[in-house]
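# Structural features, examined
Here's the letter readout for the chains.
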Number of protein chains: 2
Amino acid sequence: MATEDVPLPPWRKSRKPAQLRRQLSQDLIVEAGLRILDAEGLDALSMRRVAQEFDTGPASLYAHVANKEELLELVYDRVLSEIRLPERDPGRWKEQLREYMVEVHRVLAKHADLARVALANIPTGENSVRMGEFVFGLLIEAGMSPRDAALSMDRISLYVVSDAYEGSVHFTRMRAAGLSDPQEYFESFVGQIAGYYRALPAARFPHITKFVDALIADDGEERFQYGLELLLDGIEARMPRTP
Amino acid sequence: MATEDVPLPPWRKSRKPAQLRRQLSQDLIVEAGLRILDAEGLDALSMRRVAQEFDTGPASLYAHVANKEELLELVYDRVLSEIRLPERDPGRWKEQLREYMVEVHRVLAKHADLARVALANIPTGENSVRMGEFVFGLLIEAGMSPRDAALSMDRISLYVVSDAYEGSVHFTRMRAAGLSDPQEYFESFVGQIAGYYRALPAARFPHITKFVDALIADDGEERFQYGLELLLDGIEARMPRTP
DNA sequence: ACCTGAACACCGTTCAAGT
DNA sequence: ACCTGAACACCGTTCAAGT
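The text that follows walks through the structure, step by step, so that each part is easy to find. (Residues numbered from 1 in each chain as written. Chains lettered and ligands numbered in written order. Predicted model: local features only at pLDDT ≥ 70, side-chain atom pairs only at ≥ 80, totals over all residues. Heavy atoms only, no water.)

Residues and elements named next belong to chain B. Relative to the 18 Å expected for 13 residues at 1.5 Å per residue, helix H3 (residues 68–80) spans 18 Å between its end C-alpha atoms, a close match to the ideal helical length. For H3, the set of buried residues is Leu71, Leu72, Val75, Tyr76, Asp77, Val79 and Leu80. Tucked into the core, H3 has its buried residues touching helix H1 (26–40), helix H2 (47–52), helix H4 (93–110), helix H5 (115–121), helix H6 (126–141) and helix H7 (146–176). The opening residue of H3, the one whose side-chain oxygen lies 3.3 Å from the backbone nitrogen of Glu69, is Asn67. (Helix = DSSP H or I, 4+ residues; strand = E, 2+ residues; numbered from the N terminus. Expected span 1.5 Å × (residues − 1). Buried < 20%, exposed > 50% of the residue type's maximum accessible area, 1.4 Å probe, protein only. Contact = heavy atoms within 4.5 Å. Polar contact = N/O pair within 3.5 Å; in protein donor to acceptor, adjacent residues only side chain to side chain.)

As structure tokens, this is what we get:
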């Protein structure tokens with residue numbers, strides 16, 4: 001993959017001389033991991049698959065990363081580095097917070113089911129603290145108490161990451177089903193859910209069966225927005241008055 | 001594990017006659033899976049490990065469950081069956097919703113990292129719809145529009161499950177570290193975080209470094225409660241006036 | 001219909017041996 | 001210091017053969 005070798009004639013035992021060993025590095029490994037993640041998903045991102053990218057075995061990676069967990073955290077932080085943060089403007093804290101959440105969500109959604117890494121690992125990489133300083137600082141400067149700001153920041157992060165992960169579950173299922181058109185997948189999935197709801201016994205499930213249309217009306221993006229506004233309104237209620 | 005056999009003398013080839021084959025069933029398999037989950041965590045819950053519980057190989061399970069995913073969903077629904085729901089009282093919708101969220105969170109937290117199954121699978125088992133009918137019906141009866149009720153229910157579920165999962169990540173780490181006292185783990189973990197924050201350059205991270213105490217003040221339970229109230233307040237703001 | 005052993009195509013990590 | 005092949009201890013699932 002790395003260097004395009006001329007293939008050896010089949011009767012020659014293809015033994016690479018030791019001098020041609022690949023020159024690995026942590027950065028190269030992380031980039032390869034990210035490529036695999038984007039193209040094939042998190043489940044395909046194995047140590048063996050990454051090593052394959054350098055025509056070698058998985059043992060070669062352990063000189064540059066401690067283990068798979070560290071590799072995933074490095075890939076995660078690499079992706080977070082794509083997030084650009086504006087200058088803080090506390091007077092517009094609500095708009096800025098909304099924009100921030102949408103931006104983080106967008107970047108995570110771009111990279112398959114990477115959000116699962118964040119959920120499973122409580123990341124503390126460079127970019128995580130950079131983002132933490134932005135949100136925490138914004139809330140503090142807008143007048144919130146440090147305790148409320150810390151708690152709000154924490155809940156905001158959980159919400160964005162968990163919703164991004166939920167979205168990626170659908171994406172992964174779509175890929176597993178061999179579909180490539182999100183629209184097509186979405187309609188067939190929603191159709192199945194609707195059919196299931198309609199088939200439920202109305203006596204035991206009166207509200208679900210009565211309002212199936214409302215239950216399937218909103219897609220992932222609208223659901224994300226709704227929860228986002230719920231949280232923002234809750235946070236606003238805890239913000240000191242600024243009339 | 002299942003039947004307490006008298007051990008064979010070592011010189012006897014211990015070959016079970018075919019008539020003594022285990023009598024498997026889906027229920028027995030699900031119960032065994034739940035036992036393993038509770039005792040050793042979700043990562044230990046493999047088809048091979050479940051089969052071991054019946055002194056057989058993993059292939060034997062496939063007559064009763066389609067695959068591992070189905071087994072996990074069955075275990076998940078089995079756990080949800082522990083949740084008791086009260087009579088709906090729309091006048092107390094906020095209290096009832098709070099109690100519901102706390103109850104679901106409590107049951108999930110009891111069963112290791114099972115919440116991961118919910119997050120990865122969009123469950124549609126019997127108990128999921130039972131819970132859905134409760135929450136959706138409560139919001140409808142309290143006067144909410146079907147659309148808002150559907151969206152609110154969806155966000156509530158995501159919040160409870162994702163927070164339960166986040167909590168279980170700590171629990172799993174505690175077990176991996178060989179600790180058994182949550183207090184001990186919590187203090188060492190929080191101590192590490194605090195040390196990391198304090199060591200950050202104050203020029204780039206002025207707010208984090210200044211308010212370390214506030215950032216580490218609240219534990220998982222308090223963070224869960226805080227987000228819960230954020231959501232409830234947001235939902236209340238979308239509820240028609242009832243003065 | 002249900003159960004089984006063996007096999008297939010994978011995993012992450014370790015270790016001794018190479019350069 | 002960095003890279004490697006081989007091995008270890010695992011996975012989920014399939015399949016032909018048994019009862």
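This paragraph deals with the side chain of Asp77 of chain A. All names here are of chain A. Locating Asp77 in the fold gives a position in helix H3 (residues 68–80). Among buried charged residues, Asp77 stands out as having no salt bridge; its nearest opposite-charge side chain is Arg130, 7.2 Å away. Of the polar contacts made by the side chain of Asp77, one reaches the backbone nitrogen of Asn127; its length is 3.0 Å. If we ignore the near neighbours within four places in the chain, the residues touching Asp77 are Gly125, Glu126, Asn127 and Ser128. (Lys, Arg positive; Asp, Glu negative; His and termini not counted. Salt bridge = Lys/Arg side-chain N within 4 Å of Asp/Glu carboxyl O.)

A few words on the protein's contact with DNA strand C. Neighbouring DNA strand C are 19 residues, the closest being Arg48 and Tyr62 of chain A together with Arg22, Thr56 and His64 of chain B. For DNA strand C, the fraction of protein-proximal atoms (within 4 Å) that sit in sugar or phosphate groups is 57%. Separating a base nitrogen of DNA strand C from a side-chain N or O atom of Arg48 of chain A is a distance of 2.4 Å. One of the side-chain N or O atoms of Ser60 of chain B is found 2.9 Å from a phosphate oxygen in DNA strand C. Looking at the surface near DNA strand C, its residues break down into seven nonpolar, six polar and six charged. (Near = heavy atom within 4 Å. Nonpolar A, V, L, I, M, F, W, Y, C, P; charged D, E, K, R; others polar.)

In screw terms, the move from chain A to chain B is a rotation of 180 degrees and a rise of 0.0 Å along the axis, fitting with an RMSD of 0.0 Å. The superposition of one copy onto the other is thereby described by a two-fold rotation axis. Taking the C-alpha atom as reference, chain A places Gly234 of chain A closest to the rotation axis, 2.6 Å from it. By residue overlap, the copies meet face to face through one surface: 100% of the interface positions of chain A are interface positions in chain B. (Least-squares fit on C-alpha atoms with pLDDT ≥ 70 in both.)

Take the protein's contact with DNA strand D next. Around DNA strand D, the surrounding shell holds 18 residues, and the nearest of these are Arg22, Thr56 and His64 of chain A together with Arg48 and Tyr62 of chain B. Ser60 of chain A is positioned with one of its side-chain polar atoms (N or O) 2.9 Å from a phosphate oxygen of DNA strand D. Residues that form the surface near DNA strand D fall into these classes: six nonpolar, six polar and six charged.

So, on to unusual backbone geometry. Of note, the phi angle at Asp55 of chain B is positive, near 50 degrees, even though the residue is not glycine. Structurally, Asp55 of chain B can be placed in the loop between H2 and H3.

Glancing now at the packing of aromatic side chains. Counting across every chain of the model gives 10 aromatic pairs over all chains. Between Phe136 of chain A and Phe211 of chain B, the ring centres sit 6.2 Å apart and the planes meet at 80 degrees, which makes this aromatic pair edge-to-face. Residue Phe136 of chain A is found in helix H6 (residues 126–141), and its partner Phe211 of chain B is found in the loop between helix H9 (206–210) and helix H10 (212–215); the two belong to separate chains. Classification of Phe211 of chain B as partly exposed rests on a relative accessible area of 21%. The aromatic ring of Tyr226 of chain B is capped on one face by Arg238 of chain A, whose charged end is 5.6 Å from the ring centroid. (Phe/Tyr/Trp six-rings, centres within 6.5 Å; stacked < 30°, edge-to-face > 60°. Lys NZ or Arg CZ within 6 Å of the ring centre and 35° of its normal.)

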